[in-house]
Amino acid sequence: MSVRRLAPDEVQPASFAFTAENLAWATETMGKYPVERKASAVIPLLWRAQEQHAYWLPKAAIEYIADMLGMPYIRVFEVATFYTMFQLQPVGTKAHVQVCGTTPCMLRGAEDLIKICKSRIHHDQFHLSDDGAFSWEEVECAGACVNAPMIQVFSDTYEDLTPESFEKVLDAFARGEKPAPGPQNGRYGAEPAGGALTLHDLPFNAASPDGAAAADKPAAKKTPAKKAAPKTSAADQPSVKE
């Protein structure tokens, strides 16, 4: 992981403020927390500020959020610099590609995806492509290990990638399109490749709580009832002679 610093002063805007729509959303979001705990809204507010500002957070936006939440600037800077979901300098206008480099993705070909980023976007991370449309970085686990390798572009993830399908995703962004997120090999969610392989041939009967037809169940063996011992009274007991 690289050291995360704010963008240089020459690219920092002089000020930042939410749009009227985003300000209403931020006020509603803050209202979900007790007044004394409104700092809990810092992550969603930072994310909304990033979305508004071309998907990167300037210094002015971080301070603006701090003022809204009554937090020291340093506390909000700590949050913004800790999470790789927050970009601290300008990113590609069409796509900022975050390539997962954790073990499952590396074992499944993430290095090939990084090679494409280096050759197609820029040799180094956090640098814009020549046309300013793309940028990339390697990140820690993005939470789709079973669908490795994967990337994240802004709010969406693209999974089960090969070098060929990754190129197609980048081509779509280059054309100004938004490719369909999720697995890129045709599977649904995280089910096994080729579709679900279990629970296909079980009989089903709505009247049967476990899903099996009652007629298909083997009949339970009846255990003969035990005969009750005859009742005896005190008069029937043998007397004991002294």
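You'll find the structure just up there.
Below or above, wherever it landed, is the structure these notes cover. (Residues numbered from 1 in each chain as written. Predicted model: local features only at pLDDT ≥ 70, side-chain atom pairs only at ≥ 80, totals over all residues. Heavy atoms only, no water.)

A short note on the packing of aromatic side chains
- Using the criterion set out here, one finds seven aromatic pairs in the structure.
- Pairing F16 with Y64 gives two aromatic rings, centres 5.5 Å apart and planes at 75 degrees, and the pair type is edge-to-face. Highlighted residues: F16 in the segment before α1 (20-30) and Y64 in helix α3 (residues 59-69), separated in sequence by 48 residues.
- An angle of 80 degrees between the planes, with centres 5.5 Å apart, marks the rings of F18 and Y64 as edge-to-face. Here the residue F18 occupies a position in the segment before α1, and Y64 occupies one in helix α3, the gap between them amounting to 46 residues. There is no split in this pair, since F18 and Y64 are both buried.
- The structure contains a cluster of three or more aromatic residues connected by ring pairs, namely F16, F18 and Y64.
- Here the basic side chain of R48 rests over the ring of W25, its NZ or CZ set 3.9 Å away from the ring centre. (Phe/Tyr/Trp six-rings, centres within 6.5 Å; stacked < 30°, edge-to-face > 60°. Helix = DSSP H or I, 4+ residues; strand = E, 2+ residues; numbered from the N terminus. Buried < 20%, exposed > 50% of the residue type's maximum accessible area, 1.4 Å probe, protein only. Lys NZ or Arg CZ within 6 Å of the ring centre and 35° of its normal.)

Points about the sheet that holds strand β3 (residues 151-153)
- Taken together, five strands build an open sheet; the order of strands is β2-β1-β3-β4-β5 and the sheet is mixed. Two strands lie at the open edges of the sheet, namely β2 (134-139) and β5 (182-183), each paired on one side alone.
- The pairing of strand β4 (residues 156-159) with β5 spans two bridges and is classified as parallel. Following the sheet pairing, E159 is matched in β5 by P183. (Pairing = 2+ DSSP bridges.)

Comments concerning the side chain of N22
- With respect to the helices and strands, the residue N22 is situated in helix α1.
- A distance of 2.7 Å separates the side chain of N22 from the side chain of Q52, its partner in a polar contact.
- Discounting residues that sit within four places of it in the chain, N22 has contacts with R48 and Q52. (Polar contact = N/O pair within 3.5 Å; in protein donor to acceptor, adjacent residues only side chain to side chain. Contact = heavy atoms within 4.5 Å.)

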